[in-house]
Amino acid sequence: MGLGWGVILLALGVLLSGCGGSGVHFAGPVDDAFAWPTVRGANDNRGVAAGRVEAQRLIWQRKTGGEAAGEPTVRGGYLYFPGYDRRLEVFAAATGHRVFRRRYDGPVTGALPRDTAFDFLTDQNEYRLFTYTYPPGEKRTDYRVARSQAPPRRLDDSLTLIAGLNGTLYCHADDGEIRWEVKTDGPLLTAPAVVDTTIFAASGRSVVALDTRDGELRWSHQSSGAVTAAPAVDDRVYVGTADSMIYALDRSNGGMDWFFVAGGGVFTTPAVGADRIYVAANDGLIYALDKATGKMIWTYDTGAVANLSPTLAGDLLYVATRTGRLVALGAADGSVVYDHKLRSAAVTPPVVAEGYVFVADDNRRLYCFGPNTPITAENESE
């Protein structure tokens, strides 16, 4: 019987971990329901992973080249790490071994793995969208885009959505041609939600709904404060504002169904479950609210400003804190199920995929937590 894929992958990672990834061949992603291929897990921004994931202990940790410039993504057994050091790094999710690393002309603000390629944006000195193939991880194409701090969104197999800091949404074809563009009321700081044929974007003090086919405005909701985090969408549109408000909007027309006043500004995207939403606010609290009414069910105090979005996985809510903790709360009552210490303050929301939970801190460390299996010398990465 031949070697298992896990052994082959591990051996490949050990072989390449010191070479920086130049010319590296690695397998592409597969159609995996347990992936986290885009910011907030899916185009609806709900921050929900498939099934319960047991983050019982540290599996591995890895020093990255720079601090995270965006939320990591995971697909096909690989984690894509966008860095302020102008590098995109790719790690084997199960072992932490680096299999790809290349440097660009600006920080990598987001990576988007898909079926036959992966896309990513660079920022600062050069604003471009790159597409790489796999195998062998060679550049397929790149084209210039508007300056953007948000990761790209795929509208379909051939169209990519770019949210510009200039307040304009751009729909690009794969050759870089702009199919349509729409100016909104303010800067676009976060990745819009895309559900069916509608784009839901936070722009200045507004939440806008646009048609994916031509960018035509369907509705606009004016909020009392700046909307600096992406909306989450299921049967309603859920969004927080800098002046401590959390709104539930009618998905069809933008009308307000209910609102809730938190104890501090809300700069995060809610995690949306079957009957509750979970929101982090600058008063340090995680709020669990009833989806239908906005009534508060429970709170959890993180001990510091809560500016990282929570992630829901089955009946567990994962929270990364500025006090340097990764905490798993019971989604029903807010009780602490797991509490892990990081070396420094967390800078990314928990990413839940492939049966693991990933988080990065401001000391350039990437952590993987998972089931209660022994840590071996091979996965104690430094």
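Note that the structure is a prediction, hence the values are computed from the model and not measured.

Undergrad: Where do I start with the overall build of the protein in this structure?
TA: Scanning the protein for helices and strands turns up 1 helix and 33 strands. Taken across its 382 residues, the protein has 60% of its residues classed as buried. Within the protein, counting contacts between residues at least 6 apart in sequence, those at least 24 apart form 47% of the total. As displayed, the protein has an accessible area near 14300 Å², and 49% of this comes from carbon and sulfur atoms.

Undergrad: Mind showing me how you'd approach the sheet that holds strand 26 (residues 296–301) here?
TA: Backbone-to-backbone hydrogen bonds join strands into a sheet, with any given pair of strands oriented parallel or antiparallel. A sheet is described by the order of its strands in space; here 4 strands give the open sequence 23-24-25-26, paired in antiparallel fashion. For this open sheet the edge positions go to strand 23 (271–272) and strand 26, each flanked by a neighbour on one side alone. Examined bridge by bridge, strand 23 and strand 24 (residues 276–280) share 2 bridges and lie antiparallel to one another. In the sheet register, Ala-271 faces strand 24, and the bridge partner there is Tyr-278.

Undergrad: Please explain the pattern of salt bridges as it appears in this structure.
TA: Two side chains carrying opposite charge are able to pair once their charged atoms lie near each other. Counting across every chain of the model gives 19 salt bridges. Between Glu-54 and Arg-52 there is a salt bridge, with the nearest N and O atoms lying 2.6 Å from each other. Here Arg-52 falls in the partly exposed class, since its relative accessible area comes to 39%. We note a salt bridge from Arg-154 to Asp-174, for which the minimum N-O separation is 3.0 Å. Highlighted residues: Arg-154 in strand 11 (residues 153–154) and Asp-174 in the loop between strand 13 (168–173) and strand 14 (178–183), separated in sequence by 20 residues. Here the salt bridges do not stand alone but share partners, grouping Asp-234, Asp-235, Arg-236, Asp-257 and Lys-291 into one network.

Undergrad: What is the right way to read the packing of aromatic side chains from this model?
TA: Within a pair of aromatic rings, the relevant descriptors are the distance that separates the centres and the angle that separates the planes. On inspection of all chains with the given rule, the structure shows 17 aromatic pairs. Ring plane angle 50° and centroid distance 5.5 Å describe the contact between Tyr-80 and Phe-118, whose orientation is recorded as tilted. One end of the pair, Tyr-80, is in strand 4 (residues 78–82); the other, Phe-118, is in strand 8 (residues 117–122), with 38 residues separating them in the sequence. Residue Tyr-80 shares its accessibility class with Phe-118, and that shared class is buried.

Undergrad: Would you explain unusual backbone geometry in this entry?
TA: Glycine aside, a negative phi is what most residues show, and trans is what most peptide bonds show. A positive phi angle is found at Glu-354, which is not glycine, with a value near 60°. Here Glu-354 lies in the loop between strand 31 (351–353) and strand 32 (356–360). Positioned with a positive phi, Arg-364 is a non-glycine residue whose angle comes to about 60°. Here Arg-364 lies in the loop between strand 32 and strand 33 (365–370).

Rules used in this analysis
Residues numbered from 1 in each chain as written. Predicted model: local features only at pLDDT ≥ 70, side-chain atom pairs only at ≥ 80, totals over all residues. Heavy atoms only, no water. Helix = DSSP H or I, 4+ residues; strand = E, 2+ residues; numbered from the N terminus. Buried < 20%, exposed > 50% of the residue type's maximum accessible area, 1.4 Å probe, protein only. Contact = heavy atoms within 4.5 Å. Areas by Shrake-Rupley, 256 points an atom, 1.4 Å probe, with all protein chains shown as cover. Pairing = 2+ DSSP bridges. Salt bridge = Lys/Arg side-chain N within 4 Å of Asp/Glu carboxyl O. Phe/Tyr/Trp six-rings, centres within 6.5 Å; stacked < 30°, edge-to-face > 60°.

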